[in-house]
Amino acid sequence: ELGLRVLGGKRLLFSFAAWYLHLEEELVFVGDEGATEPSGETRRLGIDAEIRLQLAKWMYADVDLNLSDGRYVNDPEGENYIALAPRVTSQGGINFQHPSGFEGAFRYRFVGDRPANEDNTVVAQGYFIGNIILAYRIKGFRIFTQLENMLNTEWNEAQFDTESRLFNEPAPVSEIHFTPGNPINIQAGISLEF
C-alpha cells in the first residue's frame, strides 16, 4: 500500500492510497453447504480516496470512494473474476451537531454492479440508498427519527449466483438469488445516555 494524506488548513483532510493484495488462497462462501472453501490464488489491486471537510464548527461533510479489481491468478482470462467482489463502493454525507442540541445527518451508500460468477455472465446489481437522521439532545435524553432509503430504491442486500431448478423447468437455471433490502421506512425513538 502506498498513499498520502494532505491537510488543507484546519478544515480539509484528503487521503489517497493505491494498494495491491496477493493471496495464495481465496476463501469463498458455499451457500448450499453453509461453509467456506478455498478457491485458489487471487490478486487484487485498488485505489481508496477520502475527503473530510469541516463546513462549520458543528457541521462536517465526508466522502469515501473505493475502486478495486480482483481476479483469480491461475484461471483463463474472462473466466477469472472473483464472484461478488465489489469494483466501486462509496459512502458519505453531511453530519451536524449544533450546540443547541439539534443534530442530524444525511448519509448515502453506493455499491456498483459486480460479477456474480467467475465469467461475469451473471451480474449482482448495485444500488444507491440515502438516509436522513434528525435528533435532539436534552438532559441525557436523545429523541430521534430516521428516514431510511429515502428514495425508496429497490435493492438487494445479499445476492448469490445459484443454480436452481423448479419442478416445471426442463433444466437447471443459473441466476441471482437475493435478500431484498428494506424499502423506505421511518424509525423513531428515545434513548437515555449515562
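Placed above this text is the structure.
The shown structure was predicted, so the numbers you read here are calculated from the model rather than taken from an experiment.

A.B. asks: Help me out: how do you make sense of the sheet that holds strand E6 (residues 59-72) in this one?
C.D. replies: Strands belonging to one sheet form pairs held by backbone hydrogen bonds; the direction of such a pair is parallel or antiparallel. One open sheet accounts for 9 strands, arranged E1-E2-E5-E6-E7-E8-E11-E12-E15; its pairing is antiparallel. Two strands bound the open sheet, and with one partner strand each, they are strand E1 (2-8) and strand E15 (185-192). Along the sheet, successive strands turn relative to each other by an average axial angle of 10°, direction set aside. Direction of pairing for E6 relative to strand E7 (residues 88-97): antiparallel, over a ladder of 9 bridges.

A.B. asks: Please clarify how the environment of Asn80 should be interpreted in this entry.
C.D. replies: Tracing the backbone through its elements, the reader meets Asn80 in the loop between E6 and E7. Linking Asn80 and Asn117, residues 37 residues apart in sequence, is a C-alpha distance of 9.0 Å. Those residues within four positions of Asn80 in sequence are excluded, and the remaining contacts are Gly70, Arg71, Tyr72, Asp75 and Glu118.

A.B. asks: Would you mind going over the environment of Trp58 with me for this structure?
C.D. replies: Structurally, Trp58 can be placed in the loop between strand E5 (42-56) and E6. Take Trp58: its relative accessible area is 30%, and that puts it in the partly exposed class. The spacing of Trp58 and Asn95 is 37 residues in sequence and 8.4 Å in space, taken between C-alpha atoms.

A.B. asks: Explain empty space enclosed by the protein here, please?
C.D. replies: Empty space among the atoms becomes apparent when a probe as large as a water molecule is rolled across them. The full count for this structure, using the stated rule, is 1 cavity of 30 Å³ or more. Reported here for the largest cavity is a volume of approximately 40 Å³. Contributing to the lining of the largest cavity are Asp69, Gly70, Tyr81, Ile82, Ala85, Arg87 and Pro115. Here the lining of the largest cavity is built from residues that sort into 4 nonpolar, 1 polar and 2 charged.

A.B. asks: Mind showing me how you'd approach the pattern of salt bridges here?
C.D. replies: Any two side chains of opposite charge can pair, on the condition that their charged atoms come close. Evaluation of the coordinates by the stated rule reveals 10 salt bridges. A salt bridge links Arg52 to Asp64, with the shortest nitrogen-to-oxygen separation between them at 2.9 Å. Residue Arg52 is found in strand E5, and its partner Asp64 is found in strand E6; the two are separated by 12 residues along the sequence. In this structure Arg52 comes out as partly exposed when scored by relative accessible area, which is 28%. In this structure Asp64 comes out as buried when scored by relative accessible area, which is 13%. Among the ionic pairs, Arg137 bridges to Glu193, the shortest N-O distance being 2.5 Å. Taken as a pair, Arg137 in strand E11 (residues 127-138) and Glu193 in the segment after E15 lie far apart in primary sequence, 56 residues in all.

Conventions and cut-offs
- Residues numbered from 1 in each chain as written.
- Predicted model: local features only at pLDDT ≥ 70, side-chain atom pairs only at ≥ 80, totals over all residues.
- Heavy atoms only, no water.
- Pairing = 2+ DSSP bridges.
- Helix = DSSP H or I, 4+ residues; strand = E, 2+ residues; numbered from the N terminus.
- Axes fitted to C-alpha atoms, helices over the stretch in contact; angles between N-to-C directions.
- Contact = heavy atoms within 4.5 Å.
- Buried < 20%, exposed > 50% of the residue type's maximum accessible area, 1.4 Å probe, protein only.
- 1 Å grid on protein atoms, 1.4 Å probe; cavity = no way out; pocket = protein on both sides within 12 Å on 5 of 7 lines; lining within 4 Å.
- Points joined across faces, edges and corners; volume = space filled by probe spheres on them.
- Nonpolar A, V, L, I, M, F, W, Y, C, P; charged D, E, K, R; others polar.
- Salt bridge = Lys/Arg side-chain N within 4 Å of Asp/Glu carboxyl O.

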